[in-house]
Amino acid sequence: MRKTTTTATALLAGVSLAAFAAPASADDHESTVSVLHGVPGLTVDVYINGEEALPDFAPGTLTDPMMLAAGSYDIEVYADGDTPDSAEPAISAEGLEVPGGANLTLAAHLGEDGTPMLSAFANDVSTTEAGQARLTVRHAAAAPAVDVRAGGSPVIEGLTNPDEKVLNLDAGSVSADVVLAGTDEVVLGPADVNLAEGTNTIVYAWGSAEDGTLDLAVQTIDGLHSAPEGVPSGQGGLADQGALLVLALAGAAGAVVAGRRVIRANVTAA
Amino acid sequence: MRPRSRRRTRLDIVALLVTVVCVAVAGWALRGLLSSPVPQAADFGTDSPVSTAQAAPSSDTPAADDASGAAATEAPESPVADRSADDGRPAPQAAAPAAGSVPTPPARSSAALADRPDPAPAPVRLRAPSVDLDVPLDAVGVAADGQMEIPEDADRAGWYRHGPAPGTDNGSAVIAGHVDDRSGPGAFLALTEAREGDELEVDLADGSTATYRIVSRVSVAKPELAVDDLFRRDGSPTLHLVTCTGEWSRQTGHYTDNLVVTAEPVQG
């Protein structure tokens, strides 16, 4: 098994994006934060600001969203059983800035070289168009650049750890696989991914290519849907009123003809 | 000269009768025109459904006086506010903790790729016995122009498959059909005859039937159709039937208004 290093790595690039992804109505004083464990083979205890927040956190699991007040957080991840008193953390991030009004996923995962690291990803929770779904793919695996294919054709190319790509697609189920960038060498999948309308389906590639532990993790954020723009439910112009108009005109014409006749008859009689 | 005069009188009577018949037909036609609401669309003749959500805050739409109407009874919420209200994954810790404090451990679950959950059974047929409406249903989505997709065939109607299904516990199930097509009236023309209190029956794919009762029928100018409320995913269970009404605009190839029938589930 890969030796867990004590290198402290925190990737905060994602956090600065959070302000843009934040819905205007969200409370500016707190953010929605989910935590994903994507380091293979290592059950951990996660400490936030020195307190144990997630005991016995197993690889491949995801927490429900929790609300964290905006502010600065120290995150420390210990191998299960270790404590701040007895050992150094396996991964740590000091001064992680959580902005207000954002939706974040904090992921513990391997870097491209296999070093455990923490990444804070900002989740795009903006409204999706009616009928559409959002697909976010995050490279969180000890693996080189990859392409993601849907139904056999590449939809994401050259994605590297720890980057992400966001696509808005028609809702539905897609058969997706992950190949080494520019090749047909499948490293993950194919897997059927359900892209439900109005959701952001976030797929993480995690694990290690070298150790054969590559896997997919999925996080779903729903409630992003919007309504169709209208209901265009007539096409002929033949409905009752159109027909009525024709009748009305016919009636009026008939009245005119008849009226003229009456007048003429009266004139003749006079 | 008398016989001739009498002939003229007969002619007068015939002419009068013809006139009366014509006036009656014209009057009936006019009554039909007047009995349907006059379109309120400010932008009559334009085709700008994009503005539907934003253009609806006005309270003096035809639907405003109908408390249970689908549309325009209240200013539509902004999509953003909507979203925060119906976020399907509420945080377990609702109260905001003080900065830097640590919440109690949240629930967690496997992030492994899951099988698609079984969807609720789709509706396959809609019946309104009181107006002899009996129409097969297609599951439909969104057309390229961003509007709800409607089956081409006016003898069928479409259920908006991205929203709730009839018979489920939350939100608004929407079924729409053409009022007509180029060959004549569509099945949903019958909705113009439907009345409050009439029952609707929706046959579902699993063989069960969901029963609803009509609580309102309103006409709304298309730009003022409150789509966010019509297509809501949460809140009390409702069935909305939508078709077109109002005047036919040759310019746009659309009717000016939507007819919205709102129905609530019949318990038991």
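Quick caveat: nothing in here was measured; it's all calculated off a predicted structure.

Draft legend 1. Spotlight on empty space enclosed by the protein. All names here are of chain A. Tallied over the full model, the rule gives four cavities of 30 Å³ or more. In this structure, the second largest cavity encloses a volume near 120 Å³. Around the second largest cavity, the lining residues are Leu135, Val137, Val146, Val148, Val174, Ala176, Asp177, Val178, Val193, Val203, Ala205 and Leu216. Listed by contribution, the elements that provide at least two residues to the lining of the second largest cavity are β11 (132-142), β12 (146-150), β15 (172-180) and β17 (200-208).

Draft legend 2. Quick peek at the sheet that holds strand β14 (residues 164-170) of chain A. Residue and element names in this part refer to chain A. The strand order across the open sheet built from four strands is β14-β11-β17-β18, with neighbouring strands paired in mixed fashion. A strand with exactly one partner marks an edge of an open sheet, and here the two such strands are β14 and β18 (215-221). With strand direction ignored, the average angle separating the axes of adjacent strands in the sheet is 20°. One ladder, built from seven bridges, connects β11 with β14; its direction is antiparallel.

Draft legend 3. Focus on the pairing of strand β2 (residues 30-38) of chain A. Residues and elements named next belong to chain A. Across the nine residues that make up β2, a large majority, nine, are buried. Judged by which residues are buried, β2 turns out to be covered on both faces: Glu30, Thr32, Ser34, Leu36 and Gly38 on one side and Ser31, Val33, Val35 and His37 on the other are all buried. Pairing analysis gives four bridges linking β2 to strand β6 (residues 66-69), with the strands arranged antiparallel. Residue pairing across strands places Val33 opposite Met66, the latter belonging to β6. Direction of pairing for β2 relative to strand β9 (residues 103-110): parallel, over a ladder of seven bridges. Across the sheet, residue Ser34 finds its bridge partner in β9, namely Thr105.

Draft legend 4. Layout of the environment of Ala210 of chain B. Residue and element names in this part refer to chain B. Relative to the helices and strands, Ala210 is located in strand β9 (residues 209-221). Looking at Ala210, the relative accessible area reads 10%, which means it is buried. With 43 residues separating them in the primary sequence, Ala210 and Gly167 have C-alpha atoms 5.2 Å apart.

Reading the values: rules and limits
- Residues numbered from 1 in each chain as written.
- Chains lettered and ligands numbered in written order.
- Predicted model: local features only at pLDDT ≥ 70, side-chain atom pairs only at ≥ 80, totals over all residues.
- Heavy atoms only, no water.
- 1 Å grid on protein atoms, 1.4 Å probe; cavity = no way out; pocket = protein on both sides within 12 Å on 5 of 7 lines; lining within 4 Å.
- Points joined across faces, edges and corners; volume = space filled by probe spheres on them.
- Helix = DSSP H or I, 4+ residues; strand = E, 2+ residues; numbered from the N terminus.
- Pairing = 2+ DSSP bridges.
- Axes fitted to C-alpha atoms, helices over the stretch in contact; angles between N-to-C directions.
- Buried < 20%, exposed > 50% of the residue type's maximum accessible area, 1.4 Å probe, protein only.

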